[in-house]
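Observations on chain architecture
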Amino acid sequence: MNQINYQELPEQYGRLLWTIAAGILAGVGTREDVEDIIADVFFSLYERPEQFDPRRGSLKTWLCLKTKSMSIDWIRKNRRLIPLETLTEKERSAGPENGYQGEMEMDPTFRDFHRKHQMAKAAAWIAGCGEPDREILKLRFLYELKPSEISLKTGIPVSDVYDIIKRGRKNLKKELGDGNE
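Residues numbered from 1 in each chain as written. Predicted model: local features only at pLDDT ≥ 70, side-chain atom pairs only at ≥ 80, totals over all residues. Heavy atoms only, no water.

**A short note on the overall build of the protein chain**
Looking only at helices and strands, the protein chain features eight helices and zero strands. Written out in order from the N terminus, the α and β elements of the protein chain read α-α-α-α-α-α-α-α. For the protein chain, long-range pairs separated by at least 24 residues make up 65% of all intrachain contacts whose partners lie at least 6 apart in sequence. In the form shown here, the protein chain has an accessible surface area of approximately 11,100 Å², with 51% of it arising from carbon and sulfur atoms. (Helix = DSSP H or I, 4+ residues; strand = E, 2+ residues; numbered from the N terminus. Contact = heavy atoms within 4.5 Å. Areas by Shrake-Rupley, 256 points an atom, 1.4 Å probe, with all protein chains shown as cover.)

Printed below as a string of structure tokens:
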């Protein structure tokens, strides 16, 4: 097995892994969350190098898949009801080395309190919706199902599911004071 140079990994793959993690966490995670995931990926390889099997693929592929997996795990553990703000494509690919700041500058304690408060307001608003909107919005925002999955689960045509989600998101933004509509 080839020797892994751990000191070169962040420089060699950091930007790629940042793009993957930030793309998955877009709108639900912070810059620090993305950085933590990337650090955990590198640490995981350092701590247990036997996880990487060069016969199954390249180190680059392994790092990318590990980043994707850890990002999805992070979302499952830190489920947010609705995104407060979404990273633009430019911000997702920029990464910290190019000065991306975004919402990440807010004090973490205040940010967590704000998100929890927004989640409680959003959950109360969704609970007050009539059916089928309530079920569709709950499945989308609480359980993060895709519109196609919601359609299969509810029997409602996917085009109607998209319309309900779009209308619900717009009304929810107004309710939470996040929209300019």
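Don't stop here, the text continues.
**Here we look at the packing of helix H1 (residues 9-25) against helix H3 (residues 59-77)**
Orientation of H1 relative to H3, taken along the N-to-C sense of each, is 35°, at an axis distance of 9 Å. Both H1 and H3 take part in a crossing whose hand is right-handed. Along its contact with H1, which presents Leu9, Tyr13, Leu16, Leu17, Ile20, Ala21, Ile24 and Leu25, the element H3 presents Leu59, Lys60, Leu63, Cys64, Thr67, Lys68, Ser71, Ile72, Trp74 and Ile75. Each residue belonging to the contact of H1 with H3 can be placed in one class, and the counts come to 14 nonpolar, two polar and two charged. (Axes fitted to C-alpha atoms, helices over the stretch in contact; angles between N-to-C directions. Left-handed = near helix turned anticlockwise from the far one by under 90°. Nonpolar A, V, L, I, M, F, W, Y, C, P; charged D, E, K, R; others polar.)

**So, the environment of serine 58**
Of note, serine 58 is situated in the loop between helix H2 (31-47) and H3. Under the relative-accessibility criterion, serine 58 is labelled partly exposed at 37%. Side chain to side chain, serine 58 and threonine 61 meet in a polar contact 2.9 Å long. (Buried < 20%, exposed > 50% of the residue type's maximum accessible area, 1.4 Å probe, protein only. Polar contact = N/O pair within 3.5 Å; in protein donor to acceptor, adjacent residues only side chain to side chain.)

**A few points about helix H8 (residues 158-176)**
Structural remark: α-helix, 3.6 residues per turn; residues separated by three or four positions point the same way. Its 19 residues place the ends of H8 26 Å apart at the C-alpha level, agreeing with the 27 Å of an ideal helix rising 1.5 Å per residue. Of the positions making up H8, those classed as buried are Val161, Ile164, Ile165, Gly168, Leu172 and Leu176. All buried residues of H8 lie within an arc of 100° about the axis, which places them on one face of the element. A positive backbone phi angle near 75° is found at glycine 177, which sits one or two residues after H8. (Expected span 1.5 Å × (residues − 1). Arc of directions from axis to C-beta.)

**Section: unusual backbone geometry**
With an omega dihedral of 5°, the bond running from glutamate 131 to proline 132 counts as a cis peptide bond. Assignment of secondary structure puts proline 132 in the loop between helix H5 (108-127) and helix H6 (133-142).

**Considering the confidence of the model for the protein chain**
Low-pLDDT portions of the prediction should not be read for the details of their coordinates. Across the protein chain, the average pLDDT comes to 77, with 73% of residues at or above 70. Looking at the elements of the protein chain, mean pLDDT is at its lowest for helix H4 (residues 89-94), recorded as 46, and at its highest for H2, recorded as 90. Predicted confidence is poor over residues 80-106, with pLDDT under 50, and the contacts of this stretch with residues over four places away or in other chains come to 66 contacts. (pLDDT = per-residue confidence, 0-100.)

**Quick look at the nonpolar core**
Ranked by size, the top nonpolar core spans 22 residues in total, and within it Leu9, Leu17, Val34, Leu45, Leu59 and Leu63 carry the most contacts. The greatest single-element share of this core, amounting to seven residues, is contributed by H1. Excluding residues within four positions of it along the chain, leucine 59 makes contact with Ile4, Leu9, Tyr13, Leu45 and Phe52. Grouped together as the second largest cluster of nonpolar side chains are 15 residues, Val161, Ile164, Leu172 and Leu176 included. (Core = buried A, V, L, I, M, F, W, Y, C linked by side-chain atoms within 4.5 Å.)

**With respect to the pattern of salt bridges**
This model, assessed by the stated rule, comprises six salt bridges. One salt bridge in this structure joins arginine 48 and glutamate 50, with 3.2 Å as the shortest N-O distance. (Salt bridge = Lys/Arg side-chain N within 4 Å of Asp/Glu carboxyl O.)

**Thoughts on the packing of helix H7 (residues 147-154) against H8**
At a closest axis distance of 9 Å, the pairing of H7 and H8 adopts a crossing angle of 115°. The way H7 lies across H8 gives a crossing that is right-handed. Counted together, Pro147, Ser148, Ile150 and Ser151 of H7 and Val158, Val161, Tyr162 and Ile165 of H8 form the full contact between these two elements. Grouping the constituent residues of the contact of H7 with H8 by class yields six nonpolar, two polar and no charged.

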